[in-house]
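# Understanding the architecture of this molecule
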Amino acid sequence: YVPNTLVRWRHAVAGGVFVSTGIEVAKKLLAWYVASVPGYSVVYGAFATVPIFLVWLYLSWVVVLFGAVIAAYAPSLQLHVTPRRATPGYRFELAVGLLRELATARGASTRGAVPSTLARRLRADPLQVEPLIDLLCGLDWVARLDESGEQRVVLLAEPDTTPATPLLAALLLEPSPTVRGFWQRASLSQLMLADLLAP
C-alpha cells in the first residue's frame, strides 16, 4: 500500500530487504546508545522509556519510508533516466509523446504498450508517466488492460475525430475568460488530436 504507485514484486522485495536490514541496524544502534548514555534515566527518571520509544518510532518510520522510496524509484533507477524538470509545458509534451507511442502501437499486433515500455521509449521517469496515463484515462482517450498479470495501455480515441481541447485545457492552458480571446485567435478549440500527433 506504500507507495501509492504500481510496484513490481522484485522492487517490493528490494524495499522489504532494505527495511528489514535497516530496522535491525536501527535496533542495534538504539540499544547501544541507550546502554552507553545513561542520561535518560537521570533526567527523566521513571519516564525514560517515553523519549526512547519516541526516538524508536521516528527511526522505524524513517526506515520504512526510505524502503517505500526505494520500491517506488526502482523503475526509474533501472531505466537510468532522470526526472524531467518541471518546465512550462513539459507534461503536455510528455502526454503528446505518450499518445504518439500509443497511436503507433495501435497498428501493431499487441494493440498497446506496457507503461514501463512507454517510459523507456520516451526516456522519461515512470513516476511522471503514470499520472499522465491516469489523466488520459480520465479523458477516456486511453484505457488500462490487465491481461495475464501485465498491464497494457491502449489508445481508445480516434485521432481524426477527437478534439484536442480537453488535453490542451488540462495540461497547457485552460480557456478561462482572461485568455478566451487568445484561444479564439489561435484556433485552439478547432484542433483535433491528429493535429497534435502529426510529426
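Attention here is on the structure that accompanies the text. (Residues numbered from 1 in each chain as written. Predicted model: local features only at pLDDT ≥ 70, side-chain atom pairs only at ≥ 80, totals over all residues. Heavy atoms only, no water.)

## Focus on helix H5 (residues 115–122)
Of the positions making up H5, those classed as buried are Pro 115, Thr 117, Leu 118, Ala 119 and Leu 122. Phi turns positive, to about 55°, at Arg 123, one or two residues after H5. (Buried < 20%, exposed > 50% of the residue type's maximum accessible area, 1.4 Å probe, protein only. Helix = DSSP H or I, 4+ residues; strand = E, 2+ residues; numbered from the N terminus.)

## Some remarks on the nonpolar core
Ranked by internal contacts, the top residues of the largest apolar core, which has 31 residues, are Leu 98, Leu 99 and Leu 167. If you list the elements that add at least two residues to this core, you get helix H4 (90–106), H5, helix H6 (126–138), strand E2 (150–155), helix H7 (165–171) and helix H9 (193–197). Ranked by the residues each element gives to this core, the list is headed by H4, at seven residues. Setting aside chain neighbours within four positions, we find Leu 167 in contact with Phe 92, Ala 95, Val 96, Leu 99, Leu 135, Leu 136, Leu 139, Trp 141, Leu 172 and Leu 196. (Core = buried A, V, L, I, M, F, W, Y, C linked by side-chain atoms within 4.5 Å. Contact = heavy atoms within 4.5 Å.)

## A word on the packing of H4 against H6
Each packed pair of helices is defined by two parameters, the angle between the axes and the distance between the axes. Their axes nearest at 10 Å, the elements H4 and H6 cross at an angle of 70°. Taken as axis vectors, H4 and H6 run roughly perpendicular relative to one another. Within the contact between the two elements, H4 uses Tyr 90, Arg 91, Leu 94, Ala 95, Leu 98 and Leu 99 and H6 uses Gln 128, Val 129, Leu 132, Ile 133 and Leu 136. Of the residues that constitute the contact of H4 with H6, the class distribution is nine nonpolar, one polar and one charged. (Axes fitted to C-alpha atoms, helices over the stretch in contact; angles between N-to-C directions. Parallel < 35°, antiparallel > 145°, perpendicular 65-115°, else oblique. Nonpolar A, V, L, I, M, F, W, Y, C, P; charged D, E, K, R; others polar.)

## Digging into H6
Across its 13 residues, H6 extends 18 Å between first and last C-alpha, which sits within 8% of the 18 Å expected from 1.5 Å per residue. Along H6, the residues that are buried comprise Pro 126, Gln 128, Val 129, Glu 130, Leu 132, Ile 133 and Leu 136. Looking one or two places after H6, you find Asp 140, whose phi comes out positive at around 65°. (Expected span 1.5 Å × (residues − 1).)

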